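Here's the letter readout for the chains.
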Amino acid sequence: MRKPVIAGNWKMYKTIGEAVDTALALKPLVANANHCEVVLAPVFTAIKTVADRLEGSNVHVAGQNCSTQVEEGAHTGEVAAFMLRDAGARYVIVGHSERRHLYAESDSMVNKKARAGIAAGLIVIMCVGEILAQREQGIAENVVRGQLTGGSSGLTASDLDRIIVAYEPVWAIGTGRTATPEQAQEMHAFIRRVFAERHSPEAARALRILYGGSVKPENIAGLMAQQDIDGALVGGASLEADSFAKIVNYKG
Ligand code: PGA
């Protein structure tokens, strides 16, 4: 059984105080959510405080990014995966489309970040997804295959246990335009096939694949009803405790 993961990506929103307020408001609302892992990704500066305040609860913290460098060193402005772990994070998001498109992250950088996250003992949420023009040209699957292949290059079977894939079609992020559950399911099934071919059928069966892109309380149940959708990466609708709790508690 693949345990679903519902992760909130707070992007570059919230001061430390605001992040703590939202996290503490969320905590009791999702305290009975044993059906899934609940994750929040605040900005780096808020990770330690939010993780401390959530200690002992079922809500865990993620970094939104990490350095490609495994060791500490002269890399001004970077934060290593082991430093995220040190601050209380259990997960790290790598390869988010905003990182790929606004900060020119390549598949090889995403791969290095994933390896750094695994080496630090974090669970890595690796994002993939096509832009609208690629979908319209009929090359969405090829794009996603390339991102998966590049991103997971050189990972061992035990490394793969620590990888979660998030399929986030870029045209659905922050646009209010969600992929239909059928569109998402189709790509999730494709991702699982790529993992089976590239790695192993066992790794593919165990892989958790999250959907991201305008997930809301109104559409989560339809998405989660799909066979290959194992959770969600939620941006805008995770910023408020109430709406994120409704998504976490999609089972009603
Ligand atoms: P959104 O963002 O839910 O606001 O579309 C999703 C994401 O970027 O992870």
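No experiment lies behind these values; they were computed from the predicted model shown. (Residues numbered from 1 in each chain as written. Predicted model: local features only at pLDDT ≥ 70, side-chain atom pairs only at ≥ 80, totals over all residues. Heavy atoms only, no water.)

1. Looking at the environment of D242
Then, number 1: Following the sequence through the fold, D242 ends up in helix α12 (residues 241–248).
Then, number 2: Here the alpha-carbon distance between D242 and L29, two residues 213 residues apart in the chain, equals 7.8 Å. (Helix = DSSP H or I, 4+ residues; strand = E, 2+ residues; numbered from the N terminus.)

2. Describing the packing of helix α1 (residues 16–29) against α12
Then, number 1: Where α1 contacts α12, the two axes come as close as 9 Å, and the packing angle between them is 35°. Crossing angle aside, the handedness with which α1 passes α12 is right-handed. Only A241, D242, F244 and A245 of α12 make contact with α1, whose side of the interface consists of T22, A25, L26 and L29.
Then, number 2: Grouping the amino acids of the contact of α1 with α12 by side-chain chemistry returns 6 nonpolar, 1 polar and 1 charged. (Axes fitted to C-alpha atoms, helices over the stretch in contact; angles between N-to-C directions. Left-handed = near helix turned anticlockwise from the far one by under 90°. Contact = heavy atoms within 4.5 Å. Nonpolar A, V, L, I, M, F, W, Y, C, P; charged D, E, K, R; others polar.)

3. Examining unusual backbone geometry
Then, number 1: Despite not being glycine, K11 has its phi angle at roughly 45°, a positive value.
Then, number 2: Summarising the element assignment, K11 is placed in the loop between β1 (5–9) and α1.
Then, number 3: Of note, the phi angle at S214 is positive, near 55°, even though the residue is not glycine.
Then, number 4: Of note, S214 is situated in the loop between β7 (208–212) and α11 (220–224).
Then, number 5: You can call S214 buried: its relative accessible area is 16%. (Buried < 20%, exposed > 50% of the residue type's maximum accessible area, 1.4 Å probe, protein only.)

4. Let's talk about the packing of α1 against helix α2 (residues 44–54)
Then, number 1: At a closest axis distance of 9 Å, the pairing of α1 and α2 adopts a crossing angle of 30°. Considering their axes alone, α1 and α2 lie roughly parallel with respect to each other. By crossing handedness, the relation of α1 to α2 is classed as right-handed. Facing α1, whose interface residues are I16, A19, V20, A23, L24 and K27, α2 presents T45, A46, T49, V50, R53 and L54.
Then, number 2: Taken together, the residues of the contact of α1 with α2 break down into 8 nonpolar, 2 polar and 2 charged. (Parallel < 35°, antiparallel > 145°, perpendicular 65-115°, else oblique.)

5. Looking at the pairing of strand β3 (residues 59–63)
The two faces of a sheet get side chains in turn, since along a regular strand they alternate between them.
Then, number 1: In terms of burial, β3 is a largely internal element, 5 of the 5 residues being buried.
Then, number 2: Burial along β3 is two-sided: V59, V61 and G63 and H60 and A62, pointing in opposite directions, are all buried.
Then, number 3: Two elements, strand β2 (residues 37–41) and β3, share 3 bridges in a ladder whose sense is parallel. Across the sheet, the residue bridging to L40 is V61, located in β3.
Then, number 4: Here 2 bridges tie β3 to strand β4 (residues 91–94), and the two strands are oriented parallel to one another. Opposite G63, over in β4, you have V92 as the bridge partner.
Then, number 5: Considered for its hand, the β-α-β crossover made up of β3, helix α3 (residues 81–86) and β4 is right-handed. (Pairing = 2+ DSSP bridges. Right-handed = clockwise from strand over helix to strand, strands pointing away.)

6. Quick notes on the pattern of salt bridges
Then, number 1: Overall, the coordinates contain 12 salt bridges when judged by the stated rule.
Then, number 2: For D230, the salt bridge identified is with R192, shortest N-O distance 2.9 Å. With D230 in the loop between α11 and β8 (231–234) and R192 in helix α9 (residues 181–198), this residue pair connects regions lying 38 residues apart in the sequence. With respect to burial, D230 and R192 carry one shared label: buried.
Then, number 3: Taken together, the shared-partner salt bridges connect R2, R192, D228 and D230 into one network. (Salt bridge = Lys/Arg side-chain N within 4 Å of Asp/Glu carboxyl O.)

7. Description of the site of the ligand
Then, number 1: Near the ligand, the surroundings consist of 13 residues, among which K11, H96, E168, G174 and S214 are the closest.
Then, number 2: Between K11 and the ligand, the recorded distance is 2.7 Å, taken from a side-chain N or O atom to an oxygen atom.
Then, number 3: The backbone of S214 places a nitrogen or oxygen atom 2.7 Å from an oxygen atom of the ligand.
Then, number 4: Protein chains shield 95% of the accessible area of the ligand, which is 290 Å² for the free molecule. (Near = heavy atom within 4 Å. Polar contact = N/O pair within 3.5 Å; in protein donor to acceptor, adjacent residues only side chain to side chain. Areas by Shrake-Rupley, 256 points an atom, 1.4 Å probe, with all protein chains shown as cover.)

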